[in-house]
Structure formats: C-alpha cells, structure tokens
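# Understanding the architecture of this molecule
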Amino acid sequence: MIEIKAKLKIARSAYKVAVKGQLKLPFESRQKSRLRTQLVSGEEVGVMMPRGEILRGGDLVTASDGRVIEVVAAPEKLLHVECEHAPDLAKTAYHLGNRHVPVQVGDGFLRLAADHVLEEMLKKLGAKVTHIEAPFEPEAGAYAGGHHQHDEMGHGGKIHDHHHDHDHEHAHDHDHHHGDEHGHDHKKHAHDHDHDDDHKHEHRHDHGHKH
C-alpha cells in the first residue's frame, strides 16, 4: 500500500508534471488527516497528511513510491442556494454560519451538503433551493491551517474542533502565568512586610532618644 503524506508544493503550471494516478474523494474525506482508501485504479492508499490540511480538487500529492497523484473532488448531493437580492443571500449565509455549516460561496450562490432540515429553513428565508450533484469545495474558515483538528468531523466541521483546542491551550497558558504572578506578589508582600517592621523599629528608637 502506498502512502500519501504531502502536497506538491510547486505551482502546477510551473512545468509539466507527469500525473500517474487519481485520488477521487468527497469533501468529508478530503479534510481528514488520516484515511485509508483507494485510487481510481483500485490501488490501496493510506493518506497521512499534516493535521488541518485540506485536499482540494486539482491538488497534486506525492506518493511514497515517487508518483505524483492528482486529487479529484467527487460529485456530491448538494443544495444550490440563490436569492433575488444580494442582501438576502448574505442573510442566508449568516444563518448557515450560525449553525457551523460548511458552505461553498460562489458568484451569486451558496452550496452546502443536502440536508432536508436546512432546506426547509432556507425556503422559509425566501431562498431558491435547487438539488444538484457537483464537487463540493466549502470555505476553509478563519482557523484553517491549524494543527489541532480531530480526524473525524462532526456537523460543526473542523472550525469548531480547532477553536476548542485553541481555547484549551489559552486556558493552560493563563493558569501558568497566573501562578507566576501569584508567586511574584507573594515576594513583594514579604518585602513590604519586612519594610514595615524596620519602620516600626526605627520609630521606637527615635522615641527613646527624644525621651
């Protein structure tokens, strides 16, 4: 079984690349960092990409045997969403974003994985919804490229998973600094306390002198 661990970093148009295989996957599989699947030819392959990296249709990846493999976005059942006015489409995107739904944004349209509950919501918002089959390339999201992503994606997508890990690390760092600050304050407190004792001692000495 061959292994795929990295994308070809050079631009595809830089020079002619001999592609010797195709990896055809839906989006849910293309955004997993660990996957065992097959090339279009039927050959078994293990995908072991860096965490957080998404394979897009047209990407070229390198296999462990030296071959260059092309990634193909498999057609999926999608909802193609349109609105008569641009502000209405923006409002529709806002409601989908509130539900952490992966959405592909196009010129005057949105696309998302077929879902009858979301379809009803979109129709109530006044959107025109059409069932299609096409490659799905949703927006990567603001936290794309991070290294804290679960291999399995829930309905909320990878953005939610990454954000969760980020919060966890932040909380850890905060506790650490808090501990340092607490120790520093403790020393300052002890220093202030000694200073007060000295002050009292001097006060008693002066008092006796005047007497």
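For the structure, see preceding data.
Here's a quick rundown of the structure. All residue numbers refer to positions counted from 1 along the written sequence of the respective chain. A pLDDT threshold of at least 70 governs which residues receive local features in this predicted model, and a stricter bar of 80 or more applies before side-chain atom pairs are shown or counted, although totals over entire chains, interfaces and linings include all residues. Side-chain numbers here rest on the full set of heavy atoms in the structure, without hydrogens or water.

### Regarding the overall build of the protein chain
Strands are runs of DSSP state E lasting at least 2 residues, helices are runs of H or I lasting at least 4, and numbering of each runs from the N terminus. For the protein chain, the count of helices and strands is four helices and 10 strands. Looking at the protein chain residue by residue over its 211 residues, the buried ones come to 32%. Throughout, exposure labels follow a simple rule: accessible area from a 1.4 Å probe, protein chains only, divided by the maximum for the residue type, with under 20% read as buried, over 50% as exposed, and the rest as partly exposed.

### As for the packing of helix 2 (residues 86-98) against helix 3 (residues 116-124)
Across the interface, helix 2 lies against helix 3 with an axial gap of 11 Å and an inter-helix angle of 145°. In the crossing of helix 2 with helix 3, the sense of the turn from one axis to the other is right-handed. Contacts from Thr92, His95 and Leu96 in helix 2 reach Leu118, Met121 and Leu122 in helix 3. The residue classification treats Ala, Val, Leu, Ile, Met, Phe, Trp, Tyr, Cys and Pro as nonpolar and Asp, Glu, Lys and Arg as charged. All others, Gly included, are polar. Residue classes in the contact of helix 2 with helix 3 are distributed as four nonpolar, two polar and no charged. Orientation is described by axes fitted as lines to C-alpha atoms, over the contacting stretch for helices, and by angles from 0 to 180 degrees between their N-to-C directions. Crossings are assigned a handedness: left-handed for a near helix turned anticlockwise from the far helix by less than a right angle, right-handed for a clockwise turn. Only heavy atoms matter for contacts: two residues are in contact if any of them lie within 4.5 Å across the pair.

### Brief notes about the environment of isoleucine 54
Mapping isoleucine 54 onto the fold places it in the loop between strand 4 (44-48) and strand 5 (60-63). Remark: the alpha-carbon pair of isoleucine 54 and glutamine 31, spanning 23 residues in sequence, is separated by 4.5 Å.

### Some words on the pairing of strand 1 (residues 2-7)
By the bridge criterion, three bridges tie strand 1 to strand 4 in an arrangement that is parallel. Residue isoleucine 4 lies in a different strand from strand 4, and its bridge partner there is valine 47. At least two bridges found by DSSP between two strands is the condition for calling them paired. Bridge analysis of strand 1 against strand 5 gives three bridges, and the strand direction is antiparallel. Residue pairing in the sheet places alanine 6 in a bridge with threonine 62 of strand 5.

### Digging into unusual backbone geometry
Backbone geometry places histidine 100, a non-glycine residue, at a positive phi of 55°. Within the fold, histidine 100 resides in the loop between helix 2 and strand 8 (104-106). Classification of histidine 100 as partly exposed rests on a relative accessible area of 44%.

### Examining the sheet that holds strand 8
Strand order in this open sheet of four strands is 8-9-7-10, and the pairing throughout is antiparallel. Strands at the two margins of the open sheet, each flanked by one partner only, are strand 8 and strand 10 (128-135). Along the sheet, successive strands turn relative to each other by an average axial angle of 30°, direction set aside. Two elements, strand 7 (residues 75-82) and strand 10, share eight bridges in a ladder whose sense is antiparallel. Directly across from glutamate 76, in strand 10, lies its bridge partner alanine 134. Where helix 2 meets the sheet, its contacts fall on strand 7 and strand 9 (109-113), and the angle it forms with strand 9 comes to roughly 25°. On top of the sheet, helix 3 reaches strand 7, strand 9 and strand 10; it is set at about 135° to strand 10, its chief contact.

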